[in-house]
There are 2 protein chains.
Amino acid sequence: MPELRKDPVLGRWIIISKERRKRPTDFLIEQSATSGGFCPLCPGNENTTPPEVLAYDANGHPRRDGAPWQVRVVPNKYPALIIEGNLDKEGEGLYDRMNGIGAHEVIIESPVHEQSFSALPPEKMLLVLKAFKERINDLGRDPRFKYAMIFKNHGKAAGASLEHSHSQLIALPILPRMIVSELAGALSYFRYKERCIFCDIIRQEIKQDVRVVCQNEHFITLTPFAPRTPFEMWVLPKYHSSAYCKEEDSNLFSLAQLLSETLRRLDSCIADVPYNFVLHNEPLQSNGLEHYHWHFEIVPKLTSIAGFEWGSGFYINPMPPEEAAAYLRQSL
Amino acid sequence: MPELRKDPVLGRWIIISKERRKRPTDFLIEQSATSGGFCPLCPGNENTTPPEVLAYDANGHPRRDGAPWQVRVVPNKYPALIIEGNLDKEGEGLYDRMNGIGAHEVIIESPVHEQSFSALPPEKMLLVLKAFKERINDLGRDPRFKYAMIFKNHGKAAGASLEHSHSQLIALPILPRMIVSELAGALSYFRYKERCIFCDIIRQEIKQDVRVVCQNEHFITLTPFAPRTPFEMWVLPKYHSSAYCKEEDSNLFSLAQLLSETLRRLDSCIADVPYNFVLHNEPLQSNGLEHYHWHFEIVPKLTSIAGFEWGSGFYINPMPPEEAAAYLRQSL
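Residues numbered from 1 in each chain as written. Chains lettered and ligands numbered in written order. Predicted model: local features only at pLDDT ≥ 70, side-chain atom pairs only at ≥ 80, totals over all residues. Heavy atoms only, no water.

**A closer look at the relation of the copies chain A and chain B**
Between the two chain copies there is a screw-like relation: a rotation about an axis and a shift along it. Mapping chain A onto chain B calls for a screw motion: a turn of 180° about the axis and a shift of 0.0 Å along it, with 0.0 Å RMSD after fitting. Such a combination of turn and shift is consistent with a two-fold rotation axis. Looking at chain A, 100% of its interface residues are interface residues in chain B too, so the copies touch through the same face. (Least-squares fit on C-alpha atoms with pLDDT ≥ 70 in both. Contact = heavy atoms within 4.5 Å.)

**A short note on the sheet that holds strand 12 (residues 233–237) of chain A**
Residues and elements named next belong to chain A. Pairing is antiparallel in the open sheet, where 10 strands are placed in the order 3-4-7-9-8-13-14-12-11-10. A single partner strand is all that each edge strand has here, and the edge strands are strand 3 (54–56) and strand 10 (212–215). With strand direction ignored, the average angle separating the axes of adjacent strands in the sheet is 20°. Two strands pair when backbone bridges link them, and strand 10 and strand 11 (residues 219–222) are joined in this way by 3 bridges, in the antiparallel orientation. Along strand 11, the bridge assignment pairs Val212 with Leu222. Relative to the sheet, helix 2 (residues 177–193) contacts strand 8 (147–154), strand 13 (275–280) and strand 14 (295–300), its axis offset from that of strand 13 by approximately 55°. Running at roughly 25° to strand 11, helix 4 (residues 249–269) makes contact with strand 10, strand 11, strand 12, strand 13 and strand 14 of the sheet. (Pairing = 2+ DSSP bridges. Helix = DSSP H or I, 4+ residues; strand = E, 2+ residues; numbered from the N terminus. Axes fitted to C-alpha atoms, helices over the stretch in contact; angles between N-to-C directions.)

**A few points about the packing of aromatic side chains**
Residues and elements named next belong to chain A. Inspection of every chain in the model, using the stated rule, returns 24 aromatic pairs over all chains. Centre to centre, the rings of Tyr275 and Phe277 are 6.5 Å apart; their planes meet at 20°, and the pair counts as stacked. Note on Tyr275: relative accessible area 4%, which makes it buried. Given the relative accessible area of 0%, Phe277 is considered buried. Taking NZ or CZ as reference, Lys130 lies 5.6 Å from the ring centre of Tyr56, over its face. (Phe/Tyr/Trp six-rings, centres within 6.5 Å; stacked < 30°, edge-to-face > 60°. Buried < 20%, exposed > 50% of the residue type's maximum accessible area, 1.4 Å probe, protein only. Lys NZ or Arg CZ within 6 Å of the ring centre and 35° of its normal.)

**Describing the pairing of strand 1 (residues 3–7) of chain A**
Residue and element names in this part refer to chain A. Counting buried positions along strand 1 gives 4 out of 5 residues, so the element sits mostly inside the fold. Judged from the 5 bridges that link them, strand 1 and strand 2 (residues 12–16) form a sheet pairing that is antiparallel. Bridge assignment links Asp7 to a residue of strand 2, and that residue is Arg12. Where strand 1 hands over to strand 2, the hairpin turn is made up of 4 residues, of which Gly11 adopts a positive phi near 70°.

**Thoughts on the interface of chain A and chain B**
The partner chain B presents 91 residues to the 91 residues of chain A that form the contact. For the pair chain A and chain B, the summed buried surface comes to about 7900 Å²; carbon and sulfur atoms form 67% of the total. Our enumeration of links across chain A and chain B arrives at 4 salt bridges. Of the charged contacts, one joins B:Glu322 and A:Arg5 as a salt bridge, the two residues approaching to 2.9 Å between their closest N and O atoms. Counting across the chain A and chain B interface gives 18 residue pairs in polar contact (both at pLDDT 80 or more). Direction of pairing for strand 2 of chain A relative to strand 15 (residues 316–317) of chain B: parallel, over a ladder of 2 bridges. What sits directly across from A:Ile16, in strand 15 of chain B, is B:Asn317. (Buried area = accessible area lost by both parts, 1.4 Å probe. Salt bridge = Lys/Arg side-chain N within 4 Å of Asp/Glu carboxyl O. Polar contact = N/O pair within 3.5 Å; in protein donor to acceptor, adjacent residues only side chain to side chain.)

**A word on the side chain of B:Asn45**
Residue position: B:Asn45 is located in the loop between strand 2 (12–16) and strand 3 (54–56). Contact partners of B:Asn45, with chain neighbours within four places excluded, come to B:Phe38, B:Cys39 and B:Pro40.

**Some details on the confidence of the model for chain A**
Residues and elements named next belong to chain A. Averaged over every residue, the pLDDT of chain A is 91; residues scoring 70 or more account for 92%. Below a pLDDT of 50 lies the segment residues 29–33, which in the model reaches 3 contacts outside its immediate sequence neighbourhood of four places, other chains included. The ipTM for the predicted assembly is 0.90, set against a pTM of 0.92. (pLDDT = per-residue confidence, 0-100.)

**Points about the state of the cysteines**
By the definition in use, this model includes 0 disulfides over all chains. Counting only cysteine sulfurs, A:Cys199 is the nearest neighbor of A:Cys196, a cysteine outside any disulfide, at a range of 3.8 Å. A relative accessible area of 6% means that A:Cys196 is categorised as buried. Cysteine B:Cys269 remains unbridged, with the sulfur of B:Cys214 as its closest cysteine sulfur at 11 Å. (Disulfide = S-S within 2.5 Å.)

**Some thoughts on the packing of helix 4 of chain A against helix 6 (residues 321–330) of chain A**
Residue and element names in this part refer to chain A. Interhelical geometry of helix 4 versus helix 6 gives an angle of 100° and a closest axis separation of 8 Å. With respect to helix 6, the axis of helix 4 lies roughly perpendicular. Contacts between helix 4 and helix 6 involve Arg265, Leu266 and Cys269 from the first element and Tyr327, Leu328, Arg329 and Gln330 from the second. Among the residues making up the contact of helix 4 with helix 6, the classes are represented as 4 nonpolar, 1 polar and 2 charged. (Parallel < 35°, antiparallel > 145°, perpendicular 65-115°, else oblique. Nonpolar A, V, L, I, M, F, W, Y, C, P; charged D, E, K, R; others polar.)

**Some details on the sheet that holds strand 11 (residues 219–222) of chain B**
Residue and element names in this part refer to chain B. If you walk across this open sheet you meet the 10 strands as 3-4-7-9-8-13-14-12-11-10, and the pairing is antiparallel. Edge positions in the open sheet fall to strand 3 and strand 10 (212–215), since each of these has one partner strand only. Geometrically, the sheet is characterised by an average inter-axis angle of 20° between neighbouring strands, direction not taken into account. Inspection of the sheet shows strand 13 (residues 275–280) paired to strand 14 (residues 295–300) by 6 bridges, in the antiparallel sense.

**Observations concerning the pattern of salt bridges**
Applying the stated rule across the entire model yields 42 salt bridges over all chains. Put simply, A:Asp200 and A:Arg195 hold a salt bridge, and the shortest N to O gap is 2.9 Å. Residue A:Asp200 is classed as buried on the basis of its relative accessible area, which comes to 6%. Residue B:Arg211 is joined to B:Glu205 by a salt bridge in which the shortest nitrogen-to-oxygen separation is 3.0 Å. Accessibility assignment for this pair places B:Arg211 and B:Glu205 in one class, buried. Beyond isolated ion pairs, a larger network of salt bridges with shared partners links A:Glu3, A:Arg5, A:Glu90, A:Glu92, A:Arg97, B:Glu205, B:Arg211 and B:Glu322.

**Remarks on the UniProt feature "active site" (unreviewed entry) in chain A**
Residue and element names in this part refer to chain A. Under the present numbering, the feature "active site" (unreviewed entry) in UniProt falls on His166. Tracing the backbone shows His166 in strand 9 (residues 166–172). Under the relative-accessibility criterion, His166 is labelled buried at 7%. (UniProt positions renumbered as here; feature names shortened; annotations may be inferred.)

Laid out in structure tokens, this is it:
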């Protein structure tokens, strides 16, 4: 049973998720290349994954048994958290722990093995974005879960263990610390200004026009003012919204168009760059927050993070975001 | 001029430290191996570094001109922050920035190129620990600086750009966010309990005796309860102290003995493992804090950090700290 533990000083939760008995030296073994020809995510291999929880056909409808799928969501075969069981929250002296209960799912973004996410046409990317929404809403009905995190690791250096394009969702019984910090920072600003900080950021960025990468009617991609790493980007709705999972399909289509353009610009700047993206969404069972604003964070995997940064949470970034934005604007 | 910028949501400062004009694709070029035979840190090459700010002979005394040194501290030739200048703090709309003023020094830990830090005999490691103290105290007299961070990257995978054993010191005009969080968490506990949280942790760990790696009369090495990564360790004084920079030499010798044993145990578990360590110390110009407790954090570089963890500040650790402690205890 995996275990959630809280650092008592920082208030930060982590998962202890024991793998099959591992010796210390095993940790040094580099992740090997994807095993030969077999891909568990490809069509024809559906029986090698746990049973699917969602699948859309090419028209975005739930697929009939055995019919071809365009997007497919399955539980992760090696989940970090276990879906069955009780939390059994308890203290251990001054420490806090609970069982590692949660959901861990894989969103398979295309039936085509070599298809890259960024090259998906918007109507197909839309189905992925809809799948995110549908799974978050479904898991949000489980009162044990407080947060659903959608993330993607693209490329081996970014932590992708399989080549076939996919994202993941982890539903947690706690709020990850960075989300807690974002919510607290946003709330603090809202109390002072009575405005959403992200809305103010968007207004300022549009006005200054130095960190805007691209935009359309409803969405905007920025390089943030104080980025941790080169080419880091945020993708946000221009209108105020805290709940990704309540977005209309028409907005999600507009998002798909901009997300696609954003990732293609990045790829055009640095071919096939490994990257991670994460969806920052309001906590589950929230009811629309005035002070918070959902957004994607896209983080290319370029420079290594060294001890200084790890130890202090303080980053040294060799590329000003204004320059990164200029490169990205000129790249297509 | 490097620049400090603050993320307005998280309140997190970062440095923008532009390197010589760099194209986007340059970021992908892997750090190359240390250049051939030349090492700027070795004796005989003193004229290739900026002038030293401190150097001890083998007896720990300031070295006479040209005399052999055991430990030597020089400004970093490629500093992330610049020591001359004013902060010029200003706002840019809702953003905060200032000039990247600070100190960035390299502590050369031995004259012997192949000498590893962990294999230094305690009386030689003591001189390194004294050098840390002396430099922190000296930089602490500069009213522009708020924090001095000592850190070490050991091994290429951990970010070490040179083989010759060295640590670094960065003095900052702001508090790094993780230190702010630690101080806040510790203060919050202190207000509630009227005791230092680290002292309580040490008491509990000694009593439970499952996460203790090693200890001596004055210092203890633990695997923390909620570690981000396998074999992560803390080294702390058993007695309450918030100021590393006020420690007596006799205590530092005791620390050298335990730090040496700790790193040798780690190395014995996983030979030549890359690691980072960071000293978490009270802010400069503090006057001894009841609620805070200085400590080293040692973080072996094993598994990669992937998008999920980057995006959420939430880690999945496959090794329980109790097991790591057991391996480390049995390793020597």
